[in-house]
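# Analysis of the macromolecular model
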Amino acid sequence: VYEEHIESARTDQLTGYRNKTYLSHLLPQLLEHGELTPTERTFSFFLVEGHDLGSINEKYGRPAGDLMIQELGKRIEKLLQQRRNETLGGWGDYLIRYQGAQFLIILHSVDSKRANIFAQRLRQVTESQEWPCGIGKWSVSVGISSFPEDTVNSEEILMNVETALSYARGQSDRNK
């Protein structure tokens, strides 16, 4: 019963993905894992946000907004599965429902150059198809921060990726 309670506390109820509670336990273990080589300790963090969820909730209702969040998670998961198939692995890749229409992706052994390539693939996946409830397009912004290139501090990595998302969101052209 205790383990079920812990698992429930670490899982987002809407999407079924891990949540920020899980992230708070994962980060120290992930970034401070002493026996990993420097190459194995390379991670890139992506904070993905679907735009204007409040407008969708107002126009189509909260259930439609929930469907949009769930669909965004599914599309990200599909892209992560493609990555696993390409790299024949996936150890250290995580998908976490961060908050609202935001998902945090952590990719193992991805430096900043490869992170930009993955972010472009992510952006293309989100804009390429129709969304639920008859919503034609839904744009996203993506913030990226890489460890240890941008910081070696586990607390700063989240601040960096949130700042990068704020910058991308503030651009006049969406889907950045």
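First, a word on scope: everything that follows refers to the structure included in this document.

### Topic: the sheet that holds strand 2 (residues 94-99)
What the four strands build is an open sheet, ordered 2-3-1-4; its pairing is antiparallel. Pairing within the sheet leaves two strands with one partner each, and these edge strands are strand 2 and strand 4 (140-147). Averaged over all pairs of adjacent strands, the angle between their axes in this sheet comes to 20 degrees, without regard to strand direction. The sheet contact formed by strand 1 (residues 43-50) and strand 3 (residues 102-108) spans seven bridges and is antiparallel. Looking at strand 3, one finds that Phe 43 is bridged to His 108. Sheet contacts for helix 5 (residues 112-127): strand 1, strand 3 and strand 4; angle to strand 4, the most-contacted strand, approximately 160 degrees. On the sheet, helix 6 (residues 154-169) packs against strand 1, strand 2, strand 3 and strand 4 and is oriented at approximately 150 degrees with respect to strand 4.

### Some details on the nonpolar core
If you look at the biggest cluster of nonpolar residues, it comprises 26 residues, and the most contacted ones within it are Phe 46, Ile 76, Ile 105 and Trp 138. If you list the elements that add at least two residues to this core, you get strand 1, helix 3 (53-60), helix 4 (62-87), strand 3, helix 5 and strand 4. A per-element tally of this core places helix 4 first, with six residues. Look past the residues within four positions of Ile 105 in its chain and what remains in contact with it is Ser 44, Phe 45, Phe 46, Val 48, Ile 76, Leu 80, Tyr 94, Leu 95, Phe 118 and Leu 122. Ranked by size, the runner-up nonpolar core spans 18 residues in total, among them Leu 26, Leu 47, Tyr 98 and Ile 106.

### Describing unusual backbone geometry
Following Phe 147, the chain continues into Pro 148 via a peptide bond in cis, with omega recorded as 5 degrees. Structurally, Pro 148 is set in the loop between strand 4 and helix 6. Backbone geometry places Asp 52, a non-glycine residue, at a positive phi of 55 degrees. Counting through the fold element by element, Asp 52 comes out in the loop between strand 1 and helix 3.

### What to know about helix 5
Under the 1.5 Å per step criterion, the end-to-end length of helix 5 is 23 Å for 16 residues, consistent within 8% with the ideal 22 Å. Listed in full, the buried residues belonging to helix 5 are Ala 115, Phe 118, Ala 119, Leu 122, Arg 123 and Thr 126. For helix 5, the angular spread of the buried residues around the axis is 145 degrees, confining them to a single face. Turned more than 90 degrees from where helix 5 packs its buried face, Lys 113 and Ile 117 sit exposed.

### Structural notes on the packing of aromatic side chains
Applying the stated rule across the entire model yields four aromatic pairs. Their ring planes at 85 degrees and their centres at 6.1 Å tell us that Tyr 17 and Phe 103 sit as a pair that is edge-to-face. Taken together, the residues span a long stretch of sequence, with Tyr 17 in the loop between helix 1 (2-9) and helix 2 (20-31) and Phe 103 in strand 3 at a distance of 86 residues. The two residues Tyr 17 and Phe 103 agree in class, both being buried.

### Regarding the pattern of salt bridges
For the structure shown, the criterion picks out seven salt bridges. One salt bridge in this structure joins Asp 12 and Arg 97, with 2.9 Å as the shortest N-O distance. Here Asp 12 is found in the loop between helix 1 and helix 2, whereas its partner Arg 97 is found in strand 2, with 85 residues between them in sequence. Judged by its relative accessible area of 11%, Arg 97 is buried.

### Remarks on the environment of Phe 43
Inspection of the secondary structure assignment puts Phe 43 in strand 1. On the basis of relative accessibility, which here comes to 0%, the residue Phe 43 falls in the buried class. Sequence-wise, Phe 43 and Glu 149 are 106 residues apart; in three dimensions their C-alpha atoms are separated by 9.1 Å.

The rules behind each value
- Residues numbered from 1 in each chain as written.
- Predicted model: local features only at pLDDT ≥ 70, side-chain atom pairs only at ≥ 80, totals over all residues.
- Heavy atoms only, no water.
- Pairing = 2+ DSSP bridges.
- Helix = DSSP H or I, 4+ residues; strand = E, 2+ residues; numbered from the N terminus.
- Axes fitted to C-alpha atoms, helices over the stretch in contact; angles between N-to-C directions.
- Contact = heavy atoms within 4.5 Å.
- Core = buried A, V, L, I, M, F, W, Y, C linked by side-chain atoms within 4.5 Å.
- Buried < 20%, exposed > 50% of the residue type's maximum accessible area, 1.4 Å probe, protein only.
- Expected span 1.5 Å × (residues − 1).
- Arc of directions from axis to C-beta.
- Phe/Tyr/Trp six-rings, centres within 6.5 Å; stacked < 30°, edge-to-face > 60°.
- Salt bridge = Lys/Arg side-chain N within 4 Å of Asp/Glu carboxyl O.

Read these as layout, nothing more, since geometry by itself doesn't imply function.
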